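A look at the structure
One letter stands for each residue in the lines below.
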Amino acid sequence: MGLFLGSAHYLLAGVVFALLVRALLGKKAIRRNGEPLRNPPDTLPLVGNGIQFLQPRWNLLSWFDKCQRQFGYETLALTVPTLPPGVLIHDPKNLDYVFKHEGLFTKGNFVKTRSWDLFGNGIINADGDFWKLQRKAGLSFLNTANLRVLTDVALPQYLSESVKELETAKPDQVVDLQDVFHEITTKLMGKMAYNMEMHFSSPFSSSFDHASGCTAQRFQNPLYPLTEFFFGHKFRQSISTVKKFGLEIVSRAMRDAKSISCSPPPSTSPDSEKLDSISGSLIQSLLSAIPDSPSTVADAALTYLSAGRDTTGQALTWTFYLLLSHPEVLAKIRDEVRGVLAREQAPLDTTSSSLPFSPAVLTPLSAPYSLAVFYESLRLYPPIPFEIRQAQAATTLPDGTFLPKDSVLVWCLWAMQRSRLTWGEDADQFRPERWLDENGTIKHKGAAEFPVFYGGARSCLGRKMAEGIAVQVIPVVAWGWEFEGAWEGGQERRSGDSLTLPMEGGLPVFVRRRGETTGR
């Protein structure tokens, strides 16, 4: 999508060029062991790498990948006129240093000013006490007991409800798997975190997706304040819808707290009682931690909602995109399901729900191959494709690169997780077996080599939740249905502009039930 719209784009481009020249002339080169860093490919005089950042996100990711293929682990100078002096790192040792010095490398003003409208004081922007309070609330929500309710009660229920679209699909009907997976994660987060019925098709979801895309463009468009002034009406409307929904979550939670203290609602079954007992636990924890600022609680709630809903839903979408072209992997997932059902003596039953068996028997321990498939998908299609941090004080990276105060450090997960130096000569291939040892047990990579769950003090709180969802959704859907791509031309699916990695246009497929009871 173009960044300059209408007849004014030539004028805006001229202004951009003038600003780029002025910005670049005032920058000092960053050095490693006294020598200036080398430039990435396609660096141009005056504008540096600025042209690359003006391209669509998918092209930018390809450029990052080109950098690591050409230069390996070498740290490169990053000269983007809208950024302070910066570097692009590829070496896991340097990234490990960043993770171990979280207080030194923060989002900084560059990131916060661009993401503030959408996330405000949410944990993605928060530092200090605000961050600690939100982190503590997240840890309380994602405790072992709550995760057990998620995998044993909530996920089987919402998975059963959401796959009904697959169950009822006609042979010539196109189903968007991305919508199906997002519906599962939206229902889960809505009920468990906020005690609300939420759906992916709601106005909030479409508004948040648009706002996320516009926010992502802020990191690439040097004149985003000007272009948003003229062309940002829909963005402003989307932000307004998102913020109103956040305050609605808070208001609803405050009413829930009063009503529950007066008369707890009756439960209709033991499972319902378990789910009801923890529903809304995240928002209630946030209210207890930050009692005097509803707007901050709303920011925190929206940030957690995005993290729990979007990243996992997108990862599942890319997983099945890969499975469409790797039938041998699909067959191994089904073999694993047969083995789990045999060991657990779990009956196949479709009389009471859309599911052929209870997904609660599938865990990261019982289904390691399915977890390996999920990890391999996350490696090739990381939900957060690149990260930006800003040095709060001068420091030197392990490879000898000296970073002045306020300099910017960028790493691209999309590129690093395709590095042949880290992952071998078959790094571009989808091969889940790389995650398994000779006994079929998961081999874990360090955060610096596989940073999809981040690392250090800010490591992803929802990792176990995402893994628990994946090892149920992937095998159940793979066992019960056959899929065929339904997009024109069979071309590569791409991601649209976003802070995360949604599949542009979704994942349209034709669906066929494999078998009512056998899955064969």
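Look a little higher up for the structure.
Since we're looking at a predicted model, the values are computed, not measured. (Residues numbered from 1 in each chain as written. Predicted model: local features only at pLDDT ≥ 70, side-chain atom pairs only at ≥ 80, totals over all residues. Heavy atoms only, no water.)

**Points about the pattern of salt bridges**
Selection criterion: Within this document, salt bridges are pairs made up of a side-chain nitrogen of Lys or Arg and a carboxyl oxygen of Asp or Glu, the two lying within 4 Å of each other. Only DSSP runs of H or I with at least four residues qualify as helices, and only runs of E with at least two residues qualify as strands; both kinds are numbered from the N terminus onward. Only protein chains enter the area calculation, which uses a 1.4 Å probe; residues under 20% of their type maximum are buried, those over 50% are exposed, and those in between are partly exposed.
Tallying each qualifying case throughout the model produces 34 salt bridges. Residue R338 is joined to D335 by a salt bridge in which the shortest nitrogen-to-oxygen separation is 2.9 Å. One end of the pair, R338, and the other, D335, are both in helix 16 (residues 327-344), three residues apart, so they sit about a helical turn from each other. Classification of R338 as partly exposed rests on a relative accessible area of 30%. The partner of E376 in a salt bridge is R379, and the shortest N-O contact between them spans 2.9 Å. Of this pair, E376 and R379 are both found in helix 17 (residues 368-380), three residues apart, which corresponds to roughly one turn of the helix. Since its relative accessible area comes to 0%, E376 is described here as buried. It is possible to trace a salt-bridge network through shared partners that takes in D65, R69, R420, E425 and D428.

**Points about the packing of helix 9 (residues 177-194) against helix 14 (residues 281-289)**
Basically, it comes down to this: Axes here mean lines fitted to C-alpha atoms, for a helix over just the part in contact, with angles spanning 0 to 180 degrees between N-to-C directions. Any angle that falls under 35 degrees is termed roughly parallel, while one over 145 is termed roughly antiparallel, one within 65 to 115 roughly perpendicular, and all others oblique. We call two residues in contact when some of their heavy atoms are within 4.5 Å. Think of it as three bins: nonpolar holds Ala, Val, Leu, Ile, Met, Phe, Trp, Tyr, Cys and Pro, charged holds Asp, Glu, Lys and Arg, and polar takes everything else, Gly as well.
As a packed pair, helix 9 and helix 14 sit with axes 4 Å apart at the nearest point and diverge in direction by 45°. On the basis of their axis angle, the class for helix 9 and helix 14 is oblique. Within the contact between the two elements, helix 9 uses M192, A193 and Y194 and helix 14 uses S281, L282 and I283. Taken together, the residues of the contact of helix 9 with helix 14 sort by class into five nonpolar, one polar and no charged.

**Quick word on unusual backbone geometry**
The phi dihedral of L46 falls on the positive side, at around 70°, and the residue is not glycine. Note that L46 resides in the loop between strand 2 (35-36) and helix 2 (50-53). In the Ramachandran plot, D406 falls in the positive-phi region, its phi being about 75° despite a non-glycine side chain. With respect to the element layout, D406 can be found in the loop between strand 9 (402-403) and strand 10 (408-412).

**What to know about the packing of helix 7 (residues 144-162) against helix 13 (residues 270-278)**
Counted only if it meets this: Whether a crossing is left-handed or right-handed is set by the direction in which the near helix is turned from the far one by less than a right angle, anticlockwise for left-handed and clockwise for right-handed.
Closest axis-to-axis distance for the helix 7/helix 13 pair is 10 Å, and the angle between their directions is 120°. Regarding the angle of helix 7 to helix 13, the classification is oblique. Here helix 7 runs over helix 13; the crossing is left-handed. Of helix 13, the residues touching helix 7 (which contributes N146, V149, V153, A154, Q157 and Y158) are D271, K274, L275 and I278.

**Side note on the sheet that holds strand 4 (residues 86-88)**
Filter applied, for reference: Any two strands between which DSSP finds at least two bridges are classified as paired.
Taken in spatial order, the five strands line up as 3-4-10-7-5 in an open sheet, and their pairing is mixed. Taken across any chain shown, the strands that pair with only one partner, and hence form the sheet edges, are strand 3 (76-78) and strand 5 (105-106). Looking at chain direction, strand 5 and strand 7 (residues 386-391) are connected through two bridges and run antiparallel. Of the residues in strand 7, the one forming a bridge with F105 is A391. Where helix 3 (residues 57-71) meets the sheet, it contacts strand 3, strand 4, strand 7 and strand 10, and its direction lies at approximately 75° from that of strand 7. Strand contacts of helix 5 (residues 108-119): strand 5 and strand 7, with the helix running at about 130° to strand 7, the strand carrying the most contacts.

**Quick look at the environment of A391**
Counting through the fold element by element, A391 comes out in strand 7. Overall, the relative accessible area of 1% leaves A391 in the buried class. Residues A391 and L104 lie 287 residues apart in sequence; the distance between their C-alpha atoms is 5.8 Å. Those residues in contact with A391, other than ones at most four positions away along the chain, are L104, F105, P404, K405, D406 and S407.

**A word on empty space enclosed by the protein**
Condition: Grid points spaced at 1 Å over the protein atoms alone were grouped into cavities, where a 1.4 Å probe fits but cannot get out, and pockets, open sets with protein on both sides within 12 Å along at least five of seven lines, with lining residues defined by an atom within 4 Å of a point. Grid points are joined across faces, edges and corners, and a volume is the space filled by probe spheres set on the points.
Under the counting rule described, the total for this entry stands at four cavities of 30 Å³ or more. Lining the largest cavity are 49 residues, and of these I124, A307, T311, I384 and E387 sit closest to its centre. Of all the elements in the fold, those that place two or more residues in the lining of the largest cavity are helix 5, helix 6 (128-141), helix 10 (203-218), helix 15 (294-324), helix 17, strand 7 and helix 20 (463-480). Examining the composition of the lining of the largest cavity, we find that nine residues originate from one element, helix 15, more than from any other. Class assignment of the residues belonging to the lining of the largest cavity gives a composition of 31 nonpolar, eleven polar and seven charged.

**Points about the sheet that holds strand 12 (residues 508-513)**
What the three strands build is an open sheet, ordered 6-12-11; its pairing is antiparallel. Strands with a single pairing partner mark the edges of an open sheet, and in this sheet they are strand 6 (174-176) and strand 11 (481-485). With strand direction ignored, the average angle separating the axes of adjacent strands in the sheet is 50°. The sheet contact formed by strand 11 and strand 12 spans five bridges and is antiparallel. If you follow E482 over to strand 12, its bridge partner there is R512.

**Quick notes on the side chain of R458**
The following threshold applies: Under the rule applied, a polar contact is a pair of N or O atoms within 3.5 Å (in protein, one hydrogen donor and one hydrogen acceptor; residues adjacent in sequence only if both atoms are side-chain atoms).
Summarising the element assignment, R458 is placed in the loop between helix 19 (420-423) and helix 20. Residue R458 is classed as buried on the basis of its relative accessible area, which comes to 17%. Within polar-contact distance, the side chain of R458 engages the side chain of E102 at 2.8 Å.

**Points about the pairing of strand 10**
In terms of burial, strand 10 is a largely internal element, five of the five residues being buried. Across the two faces of strand 10 the burial is the same, with V408, V410 and C412 and L409 and W411 all buried. Judged from the three bridges that link them, strand 4 and strand 10 form a sheet pairing that is parallel. Within strand 10, the position partnered with V87 by the bridge is L409. Of the strand pairs in this sheet, strand 7 and strand 10 are connected by five bridges, and their pairing is antiparallel. Bridging across to strand 10, F386 finds its partner in C412.

Just geometry here; none of it tells us what the structure is for.
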